[in-house]
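Inside the fold
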Amino acid sequence: MKLRLAALATACTVALTPFAAAASGEVNIYSYRQEFLLKPLLDAFTDETGIETNVVFAKKGLAERLDREGRNSPADVVMTVDISRISELVERDLTAPVDNETLEENIPENLRHPDGKWFALTTRGRMIFTSRDRVEEGEITTYEELADPEWEGRICTRSGKHPYNIALFSSMIAHHGEEQAEEWLQGLKNNLARKPQGGDRDQIRAVTEGVCDVAIGNSYYYGVMLQDEEQRPIAEQVRIVFPNDEGRGTHVNISGIALTNSAPNRENAIELMEFLSSDEAQQIYAEANSEFPANPEVSPTGIVAEWGELNADTLSLQEIADNADKAVRMVDRVDYDN
Amino acid sequence: MNQADVIEQPATPSPLTPRRTSSRWLFAAIAITAIVALPVLSVAWLALFPDENIWPHLINTTLPRYIGTTLILMVGVSALTLAIGLSTAWAVTMCEFPGRKMFQWALLLPFAVPAYVIAYVYTDILQYAGPVQGAMRDWFGWQNAQDYWFPEIRSLWGATLMLGLVLYPYVYLLARAAFLEQSPSLFSVSRSLGHSALSTFFRVVLPIARPAIAVGLSLVLMETLNDFGTVDFFAVQTLTAGLFDTWMNLGNLGGAAQIAMVMLTFVVILVTLERYSRRRQQQYAARDNRAPIHRFTMSRPRQWICVLTCATPIVLGFVVPALVLARYAVIYFDQSWSTGFVEITLNSLFLSTAAAFATLIIGLTLAYSRRLHDTRPMQVMMRLSSLGYAMPGAVLAVGVIVPMAAFDNQIDAWMRDWFGVSTGLLLSGTAFALVFAYTVRFLAVSAGSLESGLQKITPSMDMAARSLGKSTTATLLQVHLPMLRGTMLTAALVVFVDCMKELPATLILRPFNFDTLATHVYQYASDELLGISALPALIIVLAGIVPIILMSRSIGSARAYSQQ
């Protein structure tokens, strides 16, 4: 019996070895983003360079995995969709600095780490969406107004704990200080039409359905809805507002990429980073995912272009990441999600 | 019935304890427990080093709600699963009504539907733009959501209903097996002593079936406690929500691990209380269960009540989700079908089969060791090795990564020092890591049912075999295994179906470019693309049906076998 068990164990080990990723001609990616969203970009990269890409996608736990795998980790780069996730990697000293002219040329200084420990690839604005029927154009133009009593029972958002909302609330802390930001958040909470739930698209839907008149959501969800035949009629009843366009600019979050400390395929990884910041890749991001290119030289086409120029808040992303803890606690204190 | 003498003196060895060969089984059990408990111990270790003390903030703000919501959810799901599971199990075992044989296995079908999938499906049907509210608006001429009230599925009651619908099969499965094993003569005796059928059910049938029902219910409760997909989607704030908030938003893994340990303590207390309350009971199979069960013949209206009782959970928990998924699978077929599906399906089948075998062998070793050495330390080991089930999958995944990566890196360091070669990561990021995680997670399922299966075999069997000169191993293989066949098949199949549905640990631990059906569903569903995720979700459900039918047959045939 034991012998048989041992034989079984050996057989299993042998059978499993091919699953381990090999090196050379490859680049290994830990991604917080669904691989089907990355696929058009990675396919273009492989077509151009012949370098194969391998992906593990998960929304949590990848930093932990990378950390514990240590110097033997197969991961070359980590791709994230939120500034907090990527700066967590830097804090834990898991990313390596990249000193690369192409990247520094393509990505503006405020969209990358000072030592090149991460680079933004796209930006996405946190927008206000209003009902075309029930809200006049220009009736609401800033985040601050979301807390005004006139909107009582008229606003929908997803959970206050979602990273996109946490980043927005952090930026409010950075601009107004913690005390005032909390007052504002309390005001916003008082204006909610229902308990926060669902994703950003659900908030846009809720406006169309008449549950609320105003919603908060990321720009590209709206873009993707407009491109989907079934969802277009829903999205068309809603107007997109670039908040604080006249003032400090709209709060933006990033999707980004970082080289790992342990990267076994360093050269390939840097080649991928360069490619993703290039005109070609940045266009794909804009067209397929309705995101704003991080590369200022690239002017987006299609829906993103129709929305007009994005005046982005120049607040440093690092400061947003640093305030995230405070924002989370603030959300708990005003009991936002209930 | 009450042979309390065995249990009441835990310090003395069980009468089954042999003199020599026993140490082998004991060592095997110790070694297995040490390995299987590693992930849980790793999380306990992480809990010792939080980045900061989260409790003052939690207690001042959200903790009371987290605990309250968790308790309500657990009570609600328990009530629902007990109501559905017990009533249907009793009906198909003891009553004669049209479709009884079909219901016997069909009642297990909702088990094949992952909780996160049923949550997506019902949200899709019941939301504003869905068919139900759409029809109501057309019918009554309402214009928008302000004109009428409609229950919000994304709520605590919604989560209770969803979890109840897919988890009741645990109770049904174990209760039905227990009812089948009961001697019908007990029932007759009770009736002849003047008790009504109902009173007999509560005074005789349920108490005898209680250990089995308790196992089923504890599985339900642990699943409820570690569920994240459904409660997150429904914005229901349970302890799990607090745990992930602490981990992901506050970046405090140690704090999150502490919450996980609190949840674990919850489960341990519950299970201990249940066991303590029946500590003086010890049951072995009555010897006269050859007597056939005489099912009640009932009036027409009563028969229809039975049909309705059995059909409702199947329709809500299986038929509706399957139809919705099938409809989307057809509409979005071109977008969702790819040749990769064959590989993805094979991945799922391979991992689930491997894990089912592993949990079976390990569970059997532990349960048999416990039979040989029924001591307190052995009982503790048994419980310790089953704790993985009470932890959210993502936390357990971290618990797997920590010791596994440490092991890999240690071997690598030695090899570099001594031979100058790097072995890299041997286990981390391989399919082995996944099988290991599944085994740790679902061992509770197989070990629990094998343990209760073994307990029902009277020790005189062992004594007879041993007095005839058989070794402990030979006794297990030649005496117990044939009698346990049904239990083993059921245990393996439940684990198999559970593994097919497993999501959070798979996401984190999997190799590069490696998808299972569950991760494939999640990839699209998490981007709010239910349509494209429908086809793989449907495959998970369909893949679960075959084992479920097999499982039901094995239970039925176990009874037929003993009747021959």
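The rules we used
Residues numbered from 1 in each chain as written. Chains lettered and ligands numbered in written order. Predicted model: local features only at pLDDT ≥ 70, side-chain atom pairs only at ≥ 80, totals over all residues. Heavy atoms only, no water. UniProt positions renumbered as here; feature names shortened; annotations may be inferred. Helix = DSSP H or I, 4+ residues; strand = E, 2+ residues; numbered from the N terminus. Rg over C-alpha atoms; globule rule 2.2 N^0.38 Å. Buried < 20%, exposed > 50% of the residue type's maximum accessible area, 1.4 Å probe, protein only. Contact = heavy atoms within 4.5 Å. Pairing = 2+ DSSP bridges. Core = buried A, V, L, I, M, F, W, Y, C linked by side-chain atoms within 4.5 Å. Domains from an automatic or database assignment. Polar contact = N/O pair within 3.5 Å; in protein donor to acceptor, adjacent residues only side chain to side chain. Salt bridge = Lys/Arg side-chain N within 4 Å of Asp/Glu carboxyl O. Nonpolar A, V, L, I, M, F, W, Y, C, P; charged D, E, K, R; others polar. Axes fitted to C-alpha atoms, helices over the stretch in contact; angles between N-to-C directions. Parallel < 35°, antiparallel > 145°, perpendicular 65-115°, else oblique. Left-handed = near helix turned anticlockwise from the far one by under 90°. pLDDT = per-residue confidence, 0-100. Disulfide = S-S within 2.5 Å.

- If you check an unreviewed UniProt entry, chain B appears there as Iron ABC transporter permease from Marinobacter zhanjiangensis.
- Per UniProt, chain B has the following entry under Sequence similarities (unreviewed entry): "Belongs to the binding-protein-dependent transport system permease family."

- In the nomenclature of an unreviewed UniProt entry, chain A is known as Iron ABC transporter substrate-binding protein of Marinobacter zhanjiangensis.
- For the record of chain A, the UniProt heading Sequence similarities (unreviewed entry) holds the text "Belongs to the bacterial solute-binding protein 1 family."

1. Details of the overall build of chain A
- Counting its regular elements, chain A contains 15 helices and 9 strands.
- The C-alpha radius of gyration computed for chain A amounts to 22 Å, which stays within 12% of the reference 20 Å derived for 338 residues, consistent with globular compactness.
- Taken along its principal axes, the extent of the C-alpha atoms in chain A is 75 × 55 × 40 Å.
- Buried positions account for 61% of the 338 residues belonging to chain A.
- Taking the intrachain contacts of chain A between residues at least 6 apart in sequence as the baseline, contacts between residues at least 24 apart amount to 78%.

2. Regarding the pairing of strand β2 (residues 52-57) of chain A
Residues and elements named next belong to chain A.
- With 5 of its 6 residues buried, β2 lies for the most part within the structure.
- In the sheet, strand β1 (residues 26-31) pairs with β2 via 6 bridges, with the strands oriented parallel. Looking at the pairing, Glu26 lines up with Glu52 of β2.

3. Section: the nonpolar core
- Of all hydrophobic cores here, the largest spans 244 residues; its most connected members are Ile257(A), Leu272(A), Leu276(A), Phe97(B) and Phe179(B).
- Looking at which element gives the most residues to this core, the answer is helix α9 (residues 156-181) of chain B, with 16 residues.
- When residues are assigned to domains, this core turns out to be shared by domain 1 (24-123 + 253-306) and domain 2 (125-251 + 317-333) of chain A, each giving three or more.
- Not counting the four nearest positions on each side in its chain, Phe179(B) is found in contact with Leu86(B), Ala89(B), Trp90(B), Thr93(B), Phe201(B), Val205(B), Leu206(B) and Ala209(B).
- Core analysis: the second largest hydrophobic core is formed by 29 residues, Val135(A), Ile155(A), Leu168(A) and Leu192(A) among them.

4. Focus: the environment of Ser73(A)
- Within the secondary structure layout, Ser73(A) lies in the loop between α3 (62-69) and β3 (77-80).
- Along the primary structure Ser73(A) and Pro264(A) are separated by 191 residues, whereas in three dimensions their C-alpha atoms are 8.0 Å apart.
- Dropping the residues within four chain positions of it, Ser73(A) is found in contact with Tyr30(A), Leu66(A), Ser262(A), Pro264(A) and Leu425(B).
- Engagement of the side chain of Ser73(A) in a polar contact is seen with the backbone nitrogen of Ala75(A), the distance being 3.3 Å.

5. Structural notes on the pattern of salt bridges
- Tallied over the full model, the rule gives 32 salt bridges over all chains.
- Across the salt bridge formed by Asp213(A) and Arg154(A), the nearest N and O atoms sit 2.6 Å from each other. Taken together, the residues Asp213(A) in the loop between α8 (200-209) and β6 (214-218) and Arg154(A) in the loop between β4 (119-131) and β5 (155-156) connect sequence positions 59 residues apart.
- Looking at Asp213(A), the relative accessible area reads 9%, which means it is buried.
- For the salt bridge of Glu96(B) with Arg100(B), the shortest nitrogen-to-oxygen distance reads 3.4 Å.
- Overall, the relative accessible area of 34% leaves Glu96(B) in the partly exposed class.
- By relative accessible area, Arg100(B) is classed as buried at 5%.
- Residues participating in the shared-partner salt-bridge network are Glu64(A), Asp67(A), Arg68(A), Glu88(A) and Arg92(A).

6. Quick notes on the interface of chain A and chain B
- With 55 residues of chain A at the contact, the number on the chain B side is 60 residues.
- Two residues, Glu52(B) and Arg329(A), come together in a salt bridge whose shortest N-O distance is 2.9 Å.
- Counting across the interface, chain A meets chain B through 23 residue pairs in polar contact (both at pLDDT 80 or more).
- When the residues that make up the side of chain A that touches chain B are grouped by side-chain class, the tally is 19 nonpolar, 13 polar and 23 charged.

7. Looking at the packing of helix α5 (residues 63-94) of chain B against α9(B)
Residue and element names in this part refer to chain B.
- Axis separation between α5 and α9 bottoms out at 6 Å; the angle between their running directions is 40 degrees. The pairing of α5 with α9 is recorded here as oblique in orientation. Here α5 runs over α9; the crossing is right-handed.

8. Focus: the domain arrangement of chain A
Residues and elements named next belong to chain A.
- What the domain assignment reports for chain A is domain 1 (24-123 + 253-306) and domain 2 (125-251 + 317-333).
- Between domain 1 and domain 2, the C-alpha centre-to-centre distance is 27 Å.
- Counting residues at the interface gives 19 residues for domain 1 and 18 residues for domain 2.
- Inspection of the domain 1/domain 2 interface yields 0 salt bridges.
- Seen at the junction of domain 1 and domain 2, the total is 1 residue pair in polar contact (both at pLDDT 80 or more).
- If you list the elements that add at least two residues to the side of domain 1 that touches domain 2, you get α4 (83-91), β8 (252-259) and α12 (279-289).
- It is α4 that provides the largest number of residues to the side of domain 1 that touches domain 2, a total of 4 residues.

9. A few points about the confidence of the model for chain A
- Chain-level statistics for chain A give a pLDDT mean of 89 and a share of 93% at 70 or above.
- Across chain A, the secondary-structure element scoring lowest on mean pLDDT is helix α1 (residues 2-16) of chain A, at 47, and the one scoring highest is helix α7 (residues 178-191) of chain A, at 97.

10. A look at the packing of α5(B) against helix α15 (residues 300-331) of chain B
Residue and element names in this part refer to chain B.
- In contact at an axis separation of 10 Å, α5 and α15 are set at 130 degrees when each is read in the N-to-C sense. Taken together, the axis directions place α5 and α15 in an arrangement best described as oblique. Once α5 is placed against α15, the crossing between them reads as left-handed. Residues Ile84, Ser87, Thr88, Ala91 and Val92 of α5 lie in contact with α15, whose contacting residues are Cys306, Thr309, Cys310 and Pro313.
- The residue inventory of the contact of α5 with α15, partitioned by class, reads 6 nonpolar, 3 polar and no charged.

11. Here we look at the UniProt feature "domain: ABC transmembrane type-1" (unreviewed entry) in chain B
Residue and element names in this part refer to chain B.
- Those residues carrying the UniProt feature "domain: ABC transmembrane type-1" (unreviewed entry) are residues 67-274 and 345-551 in this numbering.
- Across residues 67-274, helical content stands at 77% and strand content at 1%; the span's end C-alpha atoms are separated by 21 Å.
- When the span residues 345-551 is considered, its composition is 80% helix and 0% strand, and the gap between its end C-alpha atoms is 21 Å.

12. Focus: the state of the cysteines
- Summed over all chains, the structure comprises 1 disulfide over all chains.
- Residue pairing for Cys156(A): its cysteine sulfur links by disulfide to Cys212(A), the two sulfurs lying 2.1 Å apart. The sign of the -110 degrees torsion about the S-S bond sets the Cys156(A)-Cys212(A) disulfide as left-handed. Pair noted here: Cys156(A) is in strand β5 and Cys212(A) is in the loop between α8 and β6, with a separation of 56 residues, a long-range link. Each member of the pair, Cys156(A) together with Cys212(A), is buried.
- In this structure Cys310(B) is not part of a disulfide, and its nearest cysteine sulfur, from Cys306(B), lies 6.5 Å away.
- By relative accessible area, which is 0% here, Cys310(B) ends up buried.

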